[in-house]
There are 4 protein chains.
Amino acid sequence: MKAFFMNDYGEGAHPIVMQRLMETNMEHTCGYGLDAYSLRAQKLICEKCGQPQAQVHMMTGGTSANVIALSAFMRPYEAAICAPTGHINTHETGALEGRGHKILTCAASEGKVTPEGVRAVCAAHTDEHVVRPRLLYISQATELGTVYTLAELKALRAVCDECGLILFVDGARLGSALTSRGCDVTLKDLASLADCFYIGGTKNGLLFGEALVIVNPALQDGFRHMIKHGGGMMAKGRLCGVMFLAAFEHDDYFAWARHANEMADIIRGGMERGGIEFYQKTQTNQVFPVLTCAQEEALAAQFAFEHWADLPDGRVSVRFVTSWATTPQDAKLLADALEALNR
Amino acid sequence: MKAFFMNDYGEGAHPIVMQRLMETNMEHTCGYGLDAYSLRAQKLICEKCGQPQAQVHMMTGGTSANVIALSAFMRPYEAAICAPTGHINTHETGALEGRGHKILTCAASEGKVTPEGVRAVCAAHTDEHVVRPRLLYISQATELGTVYTLAELKALRAVCDECGLILFVDGARLGSALTSRGCDVTLKDLASLADCFYIGGTKNGLLFGEALVIVNPALQDGFRHMIKHGGGMMAKGRLCGVMFLAAFEHDDYFAWARHANEMADIIRGGMERGGIEFYQKTQTNQVFPVLTCAQEEALAAQFAFEHWADLPDGRVSVRFVTSWATTPQDAKLLADALEALNR
Amino acid sequence: MKAFFMNDYGEGAHPIVMQRLMETNMEHTCGYGLDAYSLRAQKLICEKCGQPQAQVHMMTGGTSANVIALSAFMRPYEAAICAPTGHINTHETGALEGRGHKILTCAASEGKVTPEGVRAVCAAHTDEHVVRPRLLYISQATELGTVYTLAELKALRAVCDECGLILFVDGARLGSALTSRGCDVTLKDLASLADCFYIGGTKNGLLFGEALVIVNPALQDGFRHMIKHGGGMMAKGRLCGVMFLAAFEHDDYFAWARHANEMADIIRGGMERGGIEFYQKTQTNQVFPVLTCAQEEALAAQFAFEHWADLPDGRVSVRFVTSWATTPQDAKLLADALEALNR
Amino acid sequence: MKAFFMNDYGEGAHPIVMQRLMETNMEHTCGYGLDAYSLRAQKLICEKCGQPQAQVHMMTGGTSANVIALSAFMRPYEAAICAPTGHINTHETGALEGRGHKILTCAASEGKVTPEGVRAVCAAHTDEHVVRPRLLYISQATELGTVYTLAELKALRAVCDECGLILFVDGARLGSALTSRGCDVTLKDLASLADCFYIGGTKNGLLFGEALVIVNPALQDGFRHMIKHGGGMMAKGRLCGVMFLAAFEHDDYFAWARHANEMADIIRGGMERGGIEFYQKTQTNQVFPVLTCAQEEALAAQFAFEHWADLPDGRVSVRFVTSWATTPQDAKLLADALEALNR
């Protein structure tokens, strides 16, 4: 069996989560997320966010969360702005367009949109022959594994206020972002700056589920209708309630994410010692080395990972992803192999 | 704790399913339903259906399955026909219209559409000022708990062929239908008559999941694109694979459904002995007695169930639902209470 | 050439309208309805409506006006209520569903929705498993040629206020309604009661065009974006401006409609004298007699009209439509023929 | 009055067209484009295209034609490819996304997409996490006034065949393209290469209207349903029939377009003599000079035209558009003014 660095959704749930599912399995509850577990999880998340008035909705996955939320917040002719690498733009099979909305890409650096980029898009879209920009979509961490600093988030909040944009944060890897080395953003910071964001469960310890937090009261009306209308409401809604409670009642969510980052740090350490170049520098649970084709092939014999990009110089970039389930042994094994590559 | 007859999705999964999830929890697999468990489950279901060429897709829930499949099969101006009580018409918050398609209701009896009803709708929709009927949606069992006989299904197949309609069967409660007393339809029968149908897992032993079987090859192209586009693709797709394997490898799926029906039979027995009228006669896991308001109130003190309808004569109908998790003790308790009501 | 009673859009435009188009044909203006003619027409219509703050938009046709307006006013899970005969429900090829919205039909009498019908639909749609009723669509005149009285409109306004509904009036035949015998509703009345309505030009003297009046300021934002987004913005927008100016600057619009009604009165007179039964009593420009098949055939030799319905007793209903272009000679000819039918 | 070069839809219709509208104005016909004029126009256009089996549909405008056709031809998860400057991408307020489809931009040169660009997009979109490219949208002439040569069109046809793409040609300015100096493409060439295209009437002599030609029989089914569903079917459909007959029965359509090009040639002549740089070289009816701000201001006193772009060096580009209605006097006046600018 190859050591597994292919993605952060390759296993089931963290054992603590599975245990809670087992313990509650035979209980009878009402459906559709109106049960006591779901209500407690929602309340707990509001508290952790410092936003008692927020709405929390349990979504079945990232694409579903993105498309239901964004289409709830925009009128038919309104558009979302994102980085060219934004998940909604590149990896959701046109789901948001499928709900009627154009996506406008803006200038970005290391996967992070810039205030100037946002401003330029808004300045170019002012009359009725073009869509009206209405929402800024960012991911924390980004699709390239990079993280917005608090100052960067504040600057984006400011440009959103200036341009009349909703700030939406895709948090599929929020745990990894908030616990990454050097990240100065807390969950409460994020909740105070975003109009809406989600806390990704699928990629950090749950079987599935993203906790969508709608902070801005103006965006809350009718959201359960939107979920059902969008095919995203689970009959056994309590599953997400039970799982998010398990993840947050002792803050294990962050411990799991921190572990994933630490495993990635071990891998980055091996790369640095071995003089392996980074395709994209990161502090989160995704690591992107630049390799020769021969090196990629050599590693592939021992490790499971993803080919990421072909570079103009003939080399390649691959992606190693760590998770709560990555063992220090496997991380060390990979680090050693990377260190040895150029010898 | 009241005995629970509120719905058939009030618990987690059958213990056999949970056990398989636990056993496989720490295995690494690829995502999005391309893992070995999902492939094995798909193959097994094709075999059980006697349709080796069919495609099987694991969907996260009934509304999601309905809306993604139906919008995949129809062009923008095409419409689905269903009974007035059809789930897509009454309980999905306009999800199918949300994907652009009108729903046309046709004459039905006991929740079952009639060939004449379908024919009449098609005859009334022939020019370009009206939608073009393209798909017949039925549920087996229906929303009223009734079951189509083999002869009825064949007659609907014939009218579909005559009118150029796709036959789609919502099988959220397929297990209960196929194992109900007097039902002469097998899974293979259904698979040979429908263009597409699904085997509901949520309401019969799984945490969630419906196995959509696309029998007609003309409808198969691009369906995984549709699932992703529709926000219905799970990262940990293997969960459905593992769960459906657990349900089908020893045909437990049908055993669980049969149990639910037997529990409902016990309840029906109590009603008959007590002279309680049926709002709708059924052989599946939903029982609809007619009660006085006082009787409803009396039962509500001891049992959890749903108020169904207010009748013109001042009486009411309520709904008792059984499942794999209903105990004979609870069923007997309810049967006795019903028997005693009119004394 | 048969005398023409097939519809009210069988000719070009009223000669006065054509003359104004010819006179202005070689003038240069800017496009998209921002020219001086369009602005003057909008202002004039606001004045005629007694609603200086209203927005007026020139739409290319009825279906386009209905679907763009209704989809602008509703969120994705919201639905429109209308009579079963409502044009959006029966003759627009699912255009509104095509923009994502379910249509709910309510009890109606002679094509007119009743307050009780509206209330009943709202009462049945209260949770997130069903759509949220948001808009009441009525037509003045209705699809059956009947007309709402002022008292009826006020009662509908009241139920809209009570239920949180937008009141939208399809005025494809508004001229005929407002000038019909016994109608006690003025344009100003209508404008003071509806949130939005339109003044149909296509069926009353123009080549095409409906003047949509958005009275409620809360519904006005971004509407030009909606028109363009919905494919309904004309490059030579000034055409509608010129045509509506021609129709309204001397109130000819109403004169043309009154003429159509008077021609219909002549036909109704012949029916009454001849003892011909009405399928639907009307005072507007549509007349629906009940005929035997032989009578229909006999009339068809001399007159162009539409077969409307097959009646259970073997007889039929046909439809005669008059317009600004119907001559008294033709109307008299038809009246005489109808009078003579039963002799 | 300033000489008018602002656009090619600033007047009404060519006098020949108006005359035909006047002559036929009081005739009675059936509606919705099923009248004899429409049928004759459709047949005539098929003949001119050398495609007797083609379907011709009269659309009310360019955006409406684009969005109805493209959404008819694609399944929900399929996408259109176009140049970054493609009209559907930049000037239709997200209309195509509003019908559910993502637009993918590809490499282009002078507004013209390249086969390599198309191929690269297709190569990057192969799995179910991304949209499936299905249609190539090009404009002839392009949004920058440039024209595809026959060889270029053939190369695009080849890449469409290779990649399984439908070739769609927006012909809003088709007349100007086909009659431009050096253009080696005929109407029959275009019709033999494209799966579907349209002949723009709005910008070349008609009040409105684009004749959509569906050459590929596989794309023809149900198109009248699509038009009605898309809000694009005119009650007085015969207007387009009458106007297109007027334009094509003596090939005036091409004469009008040639005139517009000749007027543009006069302007280009003035620029060349005056040493004015081209922002974009064209042979069609749009001319894009590079000016200083002072020059723009000076010209604006005498001529109506559009500001096009701010250039990095502080200069600007403006746009002069000619049409069938542009007089040689006005063109000469502008040419002289341009010639004199740098003196």
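Caption draft 1: Fine view of the interface of chain A and chain D. Each side of the interface is counted separately: chain A has 17 residues, and chain D has 17 residues. At the boundary of chain A with chain D, total buried surface from both sides reaches about 1200 Å², with 51% on carbon and sulfur atoms. Sorting the residues of chain A by area buried against chain D places T93, E97 and K102 of chain A first, and these three jointly supply 45% of that buried surface. The tally of links between chain A and chain D comes to two salt bridges. Residues E97 of chain D and K102 of chain A are paired through a salt bridge, measuring 2.5 Å at the closest nitrogen-oxygen approach.

Caption draft 2: Looking closely at the pairing of strand β2 (residues 55-59) of chain D. All names here are of chain D. Counting buried positions over the five residues of β2 gives four, a clear majority of the element. Bridge analysis of β2 against strand β10 (residues 210-214) gives five bridges, and the strand direction is antiparallel. Following the sheet pairing, H57 is matched in β10 by L212.

Caption draft 3: Here's a closer look at the sheet that holds strand β2 (residues 55-59) of chain C. Residue and element names in this part refer to chain C. The sheet built from seven strands is open, its strands ordered β2-β10-β9-β8-β7-β3-β4 with mixed pairing. In this open sheet, the two strands that pair with only one neighbour each are β2 and β4 (103-105). Going across the sheet, the axis of each strand differs from the next one's by a mean of 25°, ignoring polarity. As judged from the three bridges shared by strand β3 (residues 78-82) and β4, these two strands associate in the parallel manner. The partner of I81 across the bridge, within β4, is L104. Packing against the sheet, helix α2 (residues 36-49) makes contact with β2, β9 (196-200) and β10 (210-214), and its axis sits at approximately 120° to β2. Each of β7 (132-139) and β8 (166-170) touches helix α7 (residues 150-163); the most contacted strand, β7, lies at about 170° to it.

Caption draft 4: Molecular detail of the sheet that holds strand β3 (residues 78-82) of chain B. Residue and element names in this part refer to chain B. Strand order across the open sheet formed by seven strands is β2-β10-β9-β8-β7-β3-β4, with mixed pairing between neighbours. Of all strands in the sheet, those bounded by a partner on one side alone are β2 (55-59) and β4 (103-105). Geometrically, the sheet is characterised by an average inter-axis angle of 25° between neighbouring strands, direction not taken into account. Examined bridge by bridge, strand β9 (residues 196-200) and strand β10 (residues 210-214) share five bridges and lie antiparallel to one another. By the bridge assignment, Y198 is partnered in β10 with L212. The strands that helix α2 (residues 36-49) touches are β2, β9 and β10; relative to β2, the one it contacts most, it runs at about 120°.

Caption draft 5: Geometry of the relation of the copies chain A and chain D. With an RMSD of 0.0 Å, the operation that places chain A on chain D is a rotation of 180° combined with a shift of 0.0 Å along the axis. Such a combination of rotation and displacement between the chain copies is what one expects of a two-fold axis. Residue by residue, 100% of the interface of chain A is reproduced at the interface of chain D, so both copies engage with the same surface.

Caption draft 6: How the structure looks around the interface of chain A and chain B. Of the residues lining the interface, 44 residues belong to chain A; the matching set on chain B comes to 44 residues. Carbon and sulfur atoms supply 61% of the area that chain A and chain B bury against each other, a total of about 4000 Å² over both sides. Across the contact surface, chain A and chain B share zero salt bridges. There are 24 residue pairs in polar contact (both at pLDDT 80 or more) connecting chain A and chain B. Counting residues per element, the ones that place at least two in the side of chain A that touches chain B are α1 (15-24), α3 (62-73), α5 (95-98), α10 (223-229) and α11 (238-248) of chain A. Element by element, the count of residues in the side of chain A that touches chain B is highest for α1 of chain A, at four residues.

Caption draft 7: View of the packing of aromatic side chains. Residue and element names in this part refer to chain B. Under the definition given, this model contains 50 aromatic pairs over all chains. Measuring from centroid to centroid gives 6.2 Å for F5 and F303, while their planes differ by 55°, and the two rings are tilted. Residue F5 is located in the loop between β1 (3-4) and α1 (15-24), and its partner F303 is located in strand β13 (residues 303-304); the two are separated by 298 residues in the primary sequence. Here the two residues F5 and F303 agree in accessibility, since each one is buried.

Caption draft 8: Representation of the pattern of salt bridges within the structure. Across all of its chains, the model carries 84 salt bridges over all chains by this definition. Beyond isolated ion pairs, a larger network of salt bridges with shared partners links R75 and R132 of chain A together with D221 of chain C.

Caption draft 9: Spatial organisation of empty space enclosed by the protein. Across all of its chains, the model carries 13 cavities of 30 Å³ or more by this definition. Considering only enclosed or pocket space, the largest cavity measures out at about 280 Å³ in volume. Lining the largest cavity are 24 residues, and of these G61, G62, T63 and E210 of chain A together with A235 of chain B lie nearest its centre. At four residues, the largest contribution of residues to the lining of the largest cavity is made by α3 of chain A. For the lining of the largest cavity, a count of residues per class yields eight nonpolar, 10 polar and six charged.

Caption draft 10: Quick look at the environment of G175 of chain D. Residues and elements named next belong to chain D. The residue G175 is located in helix α8 (residues 174-178) in this model. Judged by its relative accessible area of 1%, G175 is buried. Residues G175 and N204, spaced 29 residues apart in sequence, show a C-alpha to C-alpha distance of 7.1 Å. Excluding residues that lie within four positions of it along the chain, G175 makes contacts with N204, Y253 and A257.

Caption draft 11: How the structure looks around the side chain of T326 of chain A. All names here are of chain A. Residue position: T326 is located in the loop between β15 (316-321) and α14 (328-340). There is a polar contact of 2.8 Å between the side chain of T326 and the backbone nitrogen of S323. Those residues within four positions of T326 in sequence are excluded, and the remaining contacts are F5, H259 and M263.

Caption draft 12: Spatial organisation of the confidence of the model for chain A. Averaged over every residue, the pLDDT of chain A is 97; the share at 70 or more is 100%. The ipTM for the predicted assembly is 0.97, set against a pTM of 0.97.

About the thresholds
Residues numbered from 1 in each chain as written. Chains lettered and ligands numbered in written order. Predicted model: local features only at pLDDT ≥ 70, side-chain atom pairs only at ≥ 80, totals over all residues. Heavy atoms only, no water. Contact = heavy atoms within 4.5 Å. Buried area = accessible area lost by both parts, 1.4 Å probe. Salt bridge = Lys/Arg side-chain N within 4 Å of Asp/Glu carboxyl O. Buried < 20%, exposed > 50% of the residue type's maximum accessible area, 1.4 Å probe, protein only. Helix = DSSP H or I, 4+ residues; strand = E, 2+ residues; numbered from the N terminus. Pairing = 2+ DSSP bridges. Axes fitted to C-alpha atoms, helices over the stretch in contact; angles between N-to-C directions. Least-squares fit on C-alpha atoms with pLDDT ≥ 70 in both. Polar contact = N/O pair within 3.5 Å; in protein donor to acceptor, adjacent residues only side chain to side chain. Phe/Tyr/Trp six-rings, centres within 6.5 Å; stacked < 30°, edge-to-face > 60°. 1 Å grid on protein atoms, 1.4 Å probe; cavity = no way out; pocket = protein on both sides within 12 Å on 5 of 7 lines; lining within 4 Å. Points joined across faces, edges and corners; volume = space filled by probe spheres on them. Nonpolar A, V, L, I, M, F, W, Y, C, P; charged D, E, K, R; others polar. pLDDT = per-residue confidence, 0-100.

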